[in-house]
Amino acid sequence: MNSLEIVPSVLDRIRKTLVGLKMPRALEVLDHAVRQLERGETSALEVIDTLFFDFSFQPSLDRNRILALAQLDFIERNEVIHFLGPPGTGKSHLATALGVEAVKAGRSVYFASLADIVSVLARAEREGQLRERIRFLCRPSLLIVDEIGYLPVVQGGGNLFFQLVNARYERGAMILTSNRGFAEWGEVFGDPVVATALLDRLLHHAVVIQIEGSSYRLRQHADLMPENVRTKAFINSPIPAQPPRRRGRPPKHGASDHAAG
């Protein structure tokens, strides 16, 4: 049996796998990618890369920059990666993909939404175990905090999150995804002072990826969306200027002597 006779069965297995993984876009481009491979127009690695993320749908993304992050050097440097953009633009997808790469490389990863993390910390505080829970969340090499800004933060939640961020500051890498610009974080956390203290630490050693585009999930129904939603290409997320850092312990309740934006 030659390789041409094997291909259909291999493709069938790949299609079934992609269905199981719920990757409809990969199914859409599979046949075209295989034809390119057969014509020698692309390499096997490039085909795999194409199947796992459709960079063409979000042209604002710098493909090389994302692939560089996948080398995981940011974990070694204890940096923070911010993925910002409207809902459905691939923020969580990218964060998850980098988390998977980290796991494959033998790194420990913890993934949760901001709402879940705040809930866990609040419960630990009520039970007198906040310090232990923060210590537990500081153990992973990479902490991924998803969906900042999607749900309101409960009263006191911003301070709890600050304590976690402060504990990980310069000691562990983080990836954050948000549909809100940094200028809106005072509203997100219900406390401008806490938001300033958070940004002071989260932007000190940071890479900010702004995704400008429409929702991937709604791509087939864009004509049904209100015009103001369809044309909203990006969120306003100015990056606060970074003042010279002062060493020493931060204020106990998240206050900051210097503005982060």
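Structure first, text after, so check above.
All values derive from a computational prediction rather than experimental measurement. (Residues numbered from 1 in each chain as written. Predicted model: local features only at pLDDT ≥ 70, side-chain atom pairs only at ≥ 80, totals over all residues. Heavy atoms only, no water.)

### A short note on empty space enclosed by the protein
Link 1 in the chain: A full pass over the atoms with the stated rule returns one cavity of 30 Å³ or more.
Link 2 in the chain: When its volume is computed, the largest cavity comes out at roughly 70 Å³.
Link 3 in the chain: If you list the elements that add at least two residues to the lining of the largest cavity, you get α9 (157-168) and α11 (192-202).
Link 4 in the chain: Of the residues that constitute the lining of the largest cavity, the class distribution is five nonpolar, three polar and three charged. (1 Å grid on protein atoms, 1.4 Å probe; cavity = no way out; pocket = protein on both sides within 12 Å on 5 of 7 lines; lining within 4 Å. Points joined across faces, edges and corners; volume = space filled by probe spheres on them. Helix = DSSP H or I, 4+ residues; strand = E, 2+ residues; numbered from the N terminus. Nonpolar A, V, L, I, M, F, W, Y, C, P; charged D, E, K, R; others polar.)

### Observations concerning the side chain of histidine 82
Link 1 in the chain: Turning to its location among the elements, histidine 82 is positioned in strand β1 (residues 80-84).
Link 2 in the chain: For histidine 82, a relative accessible area of 1% puts it in the buried group.
Link 3 in the chain: Looking at histidine 82, its side chain comes within polar contact range of the main-chain oxygen of leucine 202, at 2.9 Å.
Link 4 in the chain: Discounting residues that sit within four places of it in the chain, histidine 82 has contacts with Leu176, Phe182, Leu202, Leu203, Ala206, Val207, Val208 and Ile209. (Buried < 20%, exposed > 50% of the residue type's maximum accessible area, 1.4 Å probe, protein only. Polar contact = N/O pair within 3.5 Å; in protein donor to acceptor, adjacent residues only side chain to side chain. Contact = heavy atoms within 4.5 Å.)

### Some points on the pairing of strand β4 (residues 173-178)
Link 1 in the chain: Of all the six residues making up β4, six are buried; the element is thus mostly covered by neighbouring parts of the structure.
Link 2 in the chain: Both faces of β4 are covered, namely the face carrying Ala173, Ile175 and Thr177 and the face carrying Met174, Leu176 and Ser178.
Link 3 in the chain: Two strands pair when backbone bridges link them, and β1 and β4 are joined in this way by five bridges, in the parallel orientation. Its bridge partner being in β4, isoleucine 81 is matched across the sheet by isoleucine 175.
Link 4 in the chain: As defined by bridge partners, strand β3 (residues 142-148) adjoins β4 across five bridges and the pair is classed as parallel. Opposite isoleucine 144, over in β4, you have isoleucine 175 as the bridge partner.
Link 5 in the chain: One crossover worth recording links β3 to the parallel β4 by way of α9, and it is right-handed. (Pairing = 2+ DSSP bridges. Right-handed = clockwise from strand over helix to strand, strands pointing away.)

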